[in-house]
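# Structural overview for review
So the chains spell out like this:
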Amino acid sequence: MSFAELGLSPEILRAVDELGYSEATPIQAKAIPLVLSGRDLLAAAQTGTGKTAAFLLPILERLKKFANPSVSPAMHPVRALILSPTRELADQIGVNAKAYTKYLPLRSTTVYGGMNMDPQTAELRRGVEIVIATPGRLLDHIQQKTIQLNKVDVLVLDEADRMLDMGFIQDIRKIMSLLPKQRQTLLFSATFAPEIKRLAADFMHDPQTVEVARQNSTNAQVEQLVYAVDSGRKRALLSHLIREREMSQVIVFCKTKISADQLSRDLKRDGHAAEAIHGDKAQSARLETLNSFKSGEVKVLVATDVAARGLDISELPFVVNYEMPNSPEDYVHRIGRTGRAGASGVAISLMSPDEVKQHEAIEKLTRQTLPPQTVNGFERRESSAADSGFGSRNAGRERSDARPAREPRAERAERSERPERSERPERSERPERSERPERSERAPRAPRDLRDAATRSREQRDPQEGLKVARVGAIGGRVLPQRQREVPALLLPPRYKVNQER
DNA sequence: AAAAAAT
């Protein structure tokens, strides 16, 4: 299906065309008409499916009627709000938005932490129709009264499951409760944990569901390999693989910031152009590293899960799990960095004896067997850990230089009737976090005073004036916090790791 | 048990 057939305007089609896109991806073909119709959308879309354009393009089409460069900034209220879990993803969406609005007088800006607030505030004051934000900084702007959200028509929650995992759910709920009720909500998520469904039930109106790939599935284009190796030999094996497989570009995932730093140092010593990216790096360094990786200057990007989701590095051929991820969902996201947009990719996981549990969880979630193999010269020798680790289950399954040996499709399909997660007992709610009890007290706060000094002085002369503007001050013209008080469940802390086994 | 995100 071509973009032209999807009912997009010439200005948008021209920008899309210049970026080299002609055919819409499946998610785009399904989502664009739906978003154009104004309905709420619940989309199960993996990364690399063209998700960003699937929501940006129809949003631009819907906002086109507001595109008028000649009116004053006050006439450019925020019409579309896009929330992203990480700063890098927000940045990418921002870059896309700028590209797609090339021929439309619609303005967009990106708002996230780690950067000075002032330039963001200045941008917002100039008037923008589209804001892409991370939750924390957005709430900061709301609190500082440097952003008004009372004219938001469309809200997008990108990577909603990620936001959940990161404990943003309260922030998201809070932001959503501050938006006009009359709006369109688009929710994108790779997996649908119960908490996501609840969020949808609470804040969306009769959403249409669009699913592109099976939930929790991995991309068939990605060849997945698991190498059993002693933990002490991982670095040597990685160096070997980078050379032997002639990896021109690879993201290597670590579990911690410290091990990411350590590994990038070691790899540099081994002569690889490596650089680490994680949340303890300054935002500027993160962007810089990402850019030099995209440009090819850095060949090995050693990353924590900050880079696991959403990063769009075109034609990335290799992903290595240097350490198995803590949650199997992260595995899906990590290897989703390769094999994007139809290209093929290879995902290699290095599994030490103490990581067998993670490996099992991955096989279970993705409903496939990933038999551990060994690489010549890197066979494991650790005995004690191996007995408790690699032991019985994988005995006889290891092979040298064997093919990945994926299970035949039919067999995999058969097993898909396995018991669902709902069988597990419900977790009890966590107690309110003691360090921030002010959250629930703060929530039902008074409407914000958005008035300028001139208005305030007018109010002093005419008390009626104050009543008029006070209504405008309440976001969306409504005093929503009252409602929250009646629904205390909304303020409960998130239940962490809904998907995690055990 | 860790990472991310507001400072």
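Residues numbered from 1 in each chain as written. Chains lettered and ligands numbered in written order. Predicted model: local features only at pLDDT ≥ 70, side-chain atom pairs only at ≥ 80, totals over all residues. Heavy atoms only, no water.

This is how the line gets drawn: UniProt positions are given in the numbering used here, feature names are shortened, and annotations may be inferred rather than shown by experiment.
The name recorded for chain A in an unreviewed UniProt entry is DEAD/DEAH box helicase, from Vogesella margarita. For the record of chain A, the UniProt heading Sequence similarities (unreviewed entry) holds the text "Belongs to the DEAD box helicase family."

## Details of the overall build of chain A
Which entries qualify depends on this criterion: Numbered from the N terminus, helices here are DSSP runs of H or I no shorter than four residues, and strands are runs of E no shorter than two. Remark: exposure states derive from per-residue accessible area (1.4 Å probe, protein chains only) relative to the maximum for the residue type, with buried under 20%, exposed over 50%, and partly exposed in between. Should any heavy atoms of two residues lie within 4.5 Å, those residues are considered in contact. For the area figures, the Shrake-Rupley method with a 1.4 Å probe applies, and any residue is considered shielded solely by the protein chains shown.
Along chain A, the regular secondary structure elements total 21 helices and 14 strands. The buried share among the 502 residues of chain A stands at 53%. The long-range fraction of contacts in chain A, counting pairs at least 24 apart against all pairs at least 6 apart in sequence, stands at 78%. Surface exposure of chain A reaches about 22,500 Å², of which carbon and sulfur atoms provide 50%.

## Thoughts on the pattern of salt bridges
Here is the rule: Salt bridges are defined by distance alone: a side-chain nitrogen of Lys or Arg within 4 Å of a carboxyl oxygen of Asp or Glu.
The final tally for this structure, using the stated rule, is 17 salt bridges. Residue K257 is joined to D280 by a salt bridge in which the shortest nitrogen-to-oxygen separation is 3.1 Å. Residue K257 is found in helix 11 (residues 257-269), and its partner D280 is found in the loop between strand 10 (274-277) and helix 12 (283-295); the two are separated by 23 residues along the sequence. Of the charged contacts, one joins D305 and R334 as a salt bridge, the two residues approaching to 2.8 Å between their closest N and O atoms. In this pair, D305 sits in the loop between strand 11 (300-303) and strand 12 (318-321) while R334 sits in helix 13 (residues 328-335), placing the two residues 29 residues apart along the sequence.

## A short note on the sheet that holds strand 4 (residues 130-133)
Whenever strands of a sheet pair, they do so through backbone hydrogen bonds, lying parallel or antiparallel. Note the threshold: Pairs of strands are assigned from DSSP output, requiring at least two bridges between the strands. Think of each axis as a best-fit line through the C-alpha atoms, taken over the contacting stretch in the case of a helix, with angles from 0 to 180 degrees between the N-to-C directions.
Taken in spatial order, the 7 strands line up as 3-4-2-5-6-1-7 in an open sheet, and their pairing is parallel. Of all the strands in the sheet, just strand 3 (108-111) and strand 7 (208-211) have a single pairing partner and so form its edges. Taking each pair of neighbouring strands and ignoring which way they run, the sheet shows an average axis angle of 15 degrees. Of the strand pairs in this sheet, strand 2 (residues 80-83) and strand 5 (residues 154-157) are connected by 4 bridges, and their pairing is parallel. If you follow A80 over to strand 5, its bridge partner there is V154. Contacts from helix 2 (residues 26-36) reach strand 1 (41-44), strand 6 (184-189) and strand 7, with the element oriented near 165 degrees to strand 7. Against the sheet, helix 6 (residues 135-143) makes contact with strand 2, strand 3 and strand 4, and its axis sits at roughly 105 degrees relative to strand 3, the strand it touches most.

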